[in-house]
Amino acid sequence: MRRHNSSLDDQSLWQVALDHARDAAIIIDDGGYIRFFSQTAERFWGIGRAELIGCHCDRLGISAMLQPIAGSHHSNAASELTVEIEITSRDGRSITAELTRSTIGADGCDYTLLTVRDVTPELERRKGIELLTSIADRTTRAVLVTDPELRILYTNAAFAVLFGYGADEAKGRNIIDLLAGHHTNRRMMAGLKRWMADDEGGEEEILVYDKNGEEVWISADVKALRDPQGRITQVFALLTDISETRQLRMLQQLTLGALADEIPTTEVADRMCRFVEKIAPDVVSSLLHVDAQGLLHPLGGPSLPDDYSRALDGVPIGPQVGACGASAYYGEPVLALDIDTDPRWEPFKKRLLEIGLRACWSSPIKAKDGRVIGTFAFYFRACRPPSHWHHRIVDACLHLGALAIERMESRAQIARLAYFDMLTGLPNRARLRDLIGEATAACPQGRSVALAFLDVDNFKDINDTLGHAAGDEFLVEFARRLRDQVQPGDVVGRLGGDEFVVVLPNREPAEIEPVVARISDALMLPFTLCNSQVPMSASIGVSLYPDNATDIDTLINQADTAMYRAKRSGRSTYRLFNCDMHGAAEQRMAYAAALRSALADSRLELHYQPQIRTADGALHGVEAMARWHDPVLGPVPPAKFIPLAEECGLIDQIACWSIREACRQMRVWRDQGLEVPSVAVNLSPINFENPALPTLVADTLASYHLPPEALMLEVTEGVAQDNRSTAHDTMVALRRIGVGLSLDDFGTGYSNLNRLAQLPIRELKIDRGFMSELETSPTACAVVTTVVRVGQSLALSVVAEGVETKAQFQLLSELGCDVVQGFLYAPALAPERFEEWLLGYSATRAGRMSDRIGATAEDGRPPSRVTTRRRR
């Protein structure tokens, strides 16, 4: 055994220090012999130092660590090398150690110092961390570790998938700053610190935002990690995406629960919209129903203005009807990124923009058979598309909306089966009694409810000759004509067989007979059935509540009695119930005889009402209105004698007289130098069944040397929508001559716009009935607006009748209505009084224009030339 004498043989302080160090220490001389072996080394190898001191290091299996180090021969040179080794002790225990070799010089000799550290616990901890990281990266829940100040220390792979932030991007950032957005409840998020103080931790549901700014609802399960002294060292959180698993499930449970509780569909829709706006606070939602006729009806939209929703009710779907109408029309989602500039929103955008809504995304709701039965829409306060979260919500709402609407339609179908006639779709006998009762109960004092009982004339002959299938088709057409002649709020029903009922609620007694007469006239127009023209008419009896009866049964019986009186009077007519039915019939005959006499003696007159252009206040033309003042009967209104003329076969004579008299008066005015651009003459639908009408008009214009454009003939919607060739051919022939055709009382019927676009008309007239409510009723305003838009789209002039106030004129002018007529300017005047009015009106206009011309002249601009033509 080789031995060296040096100062290292002495027990010194550094040897004591090495003995007590946590790491093992071994000193080996340049020959490879062990000179020092610490107590920690004894524990690692399980060998005492007495056994090893002076022995070669091969005993420890570490001779490879003693290779010469270049340049180590200099005194105090230091060179280190660290490796990882496995040490197995005598008792079989194994550890992993980190061995560091250093070269030291002392007394001119080089020694090797080996320090050995047990890294087994650290390796096991490292392997545990790697295992935990591997597990964390494989879980679908986002794992997050922060320091006590909520600065991120660690995130797993699921965090990156959920929020889009990689581990390097997230590390060091404050979790609140990273994930909070515009609609995040920051107080709730900061409240997570409350759970850090709780030993058990806690859970919160929070709306946060991912890297792309899209909303994500999460459940945050938070727990603080503490050191032995109880101080918080880290905060551990599991973040779960609950957007679908919880929020949408709650939406589904809410809606299905409401449906199961038989809550009305509108309330179900409102609840659904409110919940949606809670989980998507940056949107306003709405649910619309699309009925079988393609009309929109609001079901839910609690955050939208009531007037906006009401304006949508009954609007037909179409490619230019906002996002909802277009979505329902195409059956595909429609996004309007900017409501203000999107042409589809032009008629509807004003109210939305006022409340700060800028974009709309609408999706169609489809039934199981593929029909579009509704739409679900998101309105945004910014010009933006929907997010991924919005798509997920709408996917759920489309299914729930379909369930709600299909339930509503199923209930309606059950009601139809129980209370409606299956052939015509009209209320049946059971339902009619309820409707009559509702009408009489709501009738104001001084008003009446009219009940008309109709029996089809000679219906048995149709069944016997053409068969029952043809008879059914006849009854369907009969019902359609009845519906076309009544107003909203009126009731048409079928008692059974060939018996029908019409209920006219809340009427002035004087209004009722003209309506019944119009119904009778509409039914008398021929009907083509099985390639044959079949006559159609009905005998009608009418009774009034409360004038004739105050209970339903008596009212029906009286109408039935009056109907049989009409049948005995020759059918195809009507009778009003009266205790003295014979006296009423005689009075009618007296009126008919007086009307024949008035025609023969030229006692009818035409009065003229001016029509004024809104653009410049100039005279557009006049409307000729027939007046009859009988020396015995007194003044008889047109609403009474015109239907009488139609019933008595005098209507063609009145039409011929009206056209000739209007043209004669136009010639007189033109010869006097009065500028009246044109005259409009009202005609009955029956007149257009006369193929000789175009010849009569052409001959009359020629005889008075008038251009065709000087005459305008007014037709009703019934004639315009009539598909029979005679009326249509008559209108085409009149337009060929150059005579204008005006569609009178447009908006009171149910016009087919496709048909309207094909008609040879030049002008639309808005019925006077809408004027009285134009300033107060959104419905009336919506109808008038629609008529004006229809006219503009078809390049037709639009004339509004019955204008009485400046406010009405101003509103019509702003809407783009071309012409107005009514008491605001003048009533219908006799020719002499009209001439006086025209001269005064022209002088007033000329004065106003002169004032404007003078003002412009003072500005240095040349005045326009103004000429006032005076009567000669």
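Residues numbered from 1 in each chain as written. Predicted model: local features only at pLDDT ≥ 70, side-chain atom pairs only at ≥ 80, totals over all residues. Heavy atoms only, no water.

Participant: Describe the packing of aromatic side chains, naming the residues involved and giving the relevant values.
Facilitator: All told, the structure shown has 18 aromatic pairs when counted by the stated rule. With a centroid separation of 6.2 Å and an interplanar angle of 70°, the aromatic rings of Trp345 and Tyr379 are classed as edge-to-face. Of this pair, Trp345 sits in the loop between strand 13 (334–336) and helix 14 (349–354) while Tyr379 sits in strand 15 (residues 372–380), and the two are 34 residues apart along the sequence. Like Trp345, the residue Tyr379 is buried in the burial classification. Between Trp628 and Phe641 the ring centres are 5.7 Å apart and the planes differ by 90°, which places this aromatic pair in the edge-to-face class. Here Trp628, found in strand 24 (residues 619–630), pairs with Phe641, found in helix 22 (residues 638–648); they are 13 residues apart in sequence, far enough to count as distant. You can call Phe641 buried: its relative accessible area is 0%. An aromatic cluster of at least three residues, connected via ring pairs, comprises Tyr608, Trp669, Phe809, Tyr825, Phe834, Trp837 and Tyr841. (Phe/Tyr/Trp six-rings, centres within 6.5 Å; stacked < 30°, edge-to-face > 60°. Helix = DSSP H or I, 4+ residues; strand = E, 2+ residues; numbered from the N terminus. Buried < 20%, exposed > 50% of the residue type's maximum accessible area, 1.4 Å probe, protein only.)

Participant: Would you mind going over the pattern of salt bridges in detail, with residue names and values included?
Facilitator: A full pass over the atoms with the stated rule returns 42 salt bridges. Here Glu508 makes a salt bridge to Arg447, at a shortest N to O gap of 3.0 Å. Of this pair, Glu508 sits in the loop between strand 18 (499–507) and helix 19 (509–524) while Arg447 sits in the loop between helix 16 (429–441) and strand 16 (448–456); the two residues are 61 residues apart in sequence, bridging distant segments of the chain. Through salt bridges with shared partners, a single network forms among Glu623, Glu714, Lys765, Arg768 and Glu801. (Salt bridge = Lys/Arg side-chain N within 4 Å of Asp/Glu carboxyl O.)

Participant: I'd love a proper account of the environment of Val394, names of residues and values included.
Facilitator: When you line up the elements, Val394 lands in helix 15 (residues 388–419). Counting along the chain gives 31 residues from Val394 to Ser363, while the straight-line C-alpha distance between them is 7.9 Å. Residues within four places of Val394 in sequence aside, it is in contact with Trp361, Ser363, Phe376 and Phe378. (Contact = heavy atoms within 4.5 Å.)

Participant: An account of unusual backbone geometry is requested, with residue identities and associated values reported.
Facilitator: The step from Tyr545 to Pro546 runs through a cis peptide bond, and the omega angle for that step is 0°. As for its position among the elements, Pro546 is in the loop between strand 21 (538–545) and helix 20 (552–568). For Cys530, which is not glycine, the phi torsion reads 55° and is therefore positive. Mapped onto the elements, Cys530 comes out in the loop between strand 19 (527–529) and strand 20 (532–534). The exposure class of Cys530 is partly exposed, given its relative accessible area of 46%. Even without being a glycine, Ala795 presents a positive backbone phi close to 60°. Within the secondary structure, Ala795 is located in the loop between helix 28 (778–793) and strand 30 (797–800). Judged by its relative accessible area of 70%, Ala795 is exposed.

Participant: Requested: an account of the pairing of strand 26 (residues 679–682), with residues and values cited.
Facilitator: Judged from the three bridges that link them, strand 24 and strand 26 form a sheet pairing that is parallel. By the bridge assignment, Ala624 is partnered in strand 26 with Val681. Two strands pair when backbone bridges link them, and strand 26 and strand 27 (residues 711–716) are joined in this way by four bridges, in the parallel orientation. Pairing of Val679 across the sheet is with Leu711, part of strand 27. After leaving strand 26, the chain enters helix 24 (residues 693–703) and then returns to the sheet as strand 27, a path that is right-handed. (Pairing = 2+ DSSP bridges. Right-handed = clockwise from strand over helix to strand, strands pointing away.)

Participant: Any chance you could break down helix 28 for me, citing the residues and the numbers?
Facilitator: Because an α-helix completes one turn every 3.6 residues, residues spaced three or four positions apart along the sequence face the same direction. An ideal rise of 1.5 Å per residue puts 22 Å on 16 residues; helix 28 measures up with 22 Å between its terminal C-alpha atoms. Taken residue by residue, helix 28 has Ala780, Val784, Thr785, Val787, Val788, Val790 and Gly791 as its buried positions. Immediately beyond the C-terminal end of helix 28, within one or two residues, lies Ala795, with a positive phi of roughly 60°. (Expected span 1.5 Å × (residues − 1).)

Participant: Explain the nonpolar core to me, using residue names and the numbers behind them.
Facilitator: Counting residues in each nonpolar core, the largest one holds 79 residues, and the members touching the most others are Ile659, Leu711, Leu713 and Phe834. Broken down by element, the residue count for this core peaks at nine residues, all from helix 23 (residues 651–671). Leave out the neighbours within four places in its chain, and Leu713 touches Ile659, Val681, Leu683, Val697, Leu734, Val739, Gly740, Leu741 and Ser742. (Core = buried A, V, L, I, M, F, W, Y, C linked by side-chain atoms within 4.5 Å.)

Participant: Before we move on, can you summarise the packing of helix 18 (residues 468–485) against helix 19 with the specific residues and values?
Facilitator: Packing of helix 18 against helix 19 leaves a shortest axis separation of 9 Å and a crossing angle of 145°. Note on packing geometry: the crossing formed by helix 18 with helix 19 is right-handed. The residues of helix 19 that touch helix 18, namely those facing Phe478, Arg481, Leu482 and Gln485, are Arg518, Ile519, Ala522 and Leu523. Its residues placed into classes, the contact of helix 18 with helix 19 shows five nonpolar, one polar and two charged. (Axes fitted to C-alpha atoms, helices over the stretch in contact; angles between N-to-C directions. Left-handed = near helix turned anticlockwise from the far one by under 90°. Nonpolar A, V, L, I, M, F, W, Y, C, P; charged D, E, K, R; others polar.)

Participant: Explain the sheet that holds strand 17 (residues 491–496) to me, and be specific about the residues and the numbers.
Facilitator: Pairing in this open sheet of five strands is mixed, and the strands run 17-18-16-21-22 from one edge to the other. The sheet is open, and its two edges are formed by strand 17 and strand 22 (574–576), each paired on a single side. Here the average twist between neighbouring strands, direction ignored, is 20°. Here three bridges tie strand 21 to strand 22, and the two strands are oriented parallel to one another. The residue bridging Gly541 from the neighbouring strand is Arg575, located in strand 22. Strands strand 16, strand 17, strand 18 and strand 21 of the sheet are contacted by helix 16, whose axis makes an angle of about 145° with strand 17. Packed on one face of the sheet, helix 20 meets strand 16, strand 21 and strand 22 and runs near 145° to strand 21.

Participant: Provide a residue-level description of helix 23, including the pertinent values.
Facilitator: A rise of 1.5 Å per residue sets the reference length of helix 23, with its 21 residues, at 30 Å; its end C-alpha atoms lie 30 Å apart and thus fit the reference within 8%. Looking at helix 23, one finds that the buried residues are Ile651, Ile654, Ala655, Trp657, Ser658, Ile659, Ala662, Cys663, Gln665, Met666 and Trp669. Following helix 23 by one or two positions, Gly673 has its phi on the positive side, about 85°.

Participant: Report on the pairing of strand 12 (residues 296–300), specifying residues and quantitative values.
Facilitator: Both strand 11 (residues 283–290) and strand 12 contribute to a ladder of four bridges, which runs antiparallel. Looking across to strand 12, one finds that His289 is bridged to His297. Hairpin connection between strand 11 and strand 12: a loop of five residues separates the two successive antiparallel strands, and Gly294 in this loop has a positive phi of roughly 80°.

Participant: Which residues make up the sheet that holds strand 12, and what are the values?
Facilitator: Reading across the sheet, the five strands line up as 12-11-15-14-13 and stay open at both edges, with antiparallel pairing between neighbours. Both outer strands of the open sheet, strand 12 and strand 13, are each paired with one neighbouring strand and no more. On average, adjacent strands in this sheet sit at an angle of 25° to one another, irrespective of strand direction. Bridge analysis of strand 13 against strand 14 (residues 359–366) gives three bridges, and the strand direction is antiparallel. By the bridge assignment for strand 14, Ala336 is matched with Cys360.

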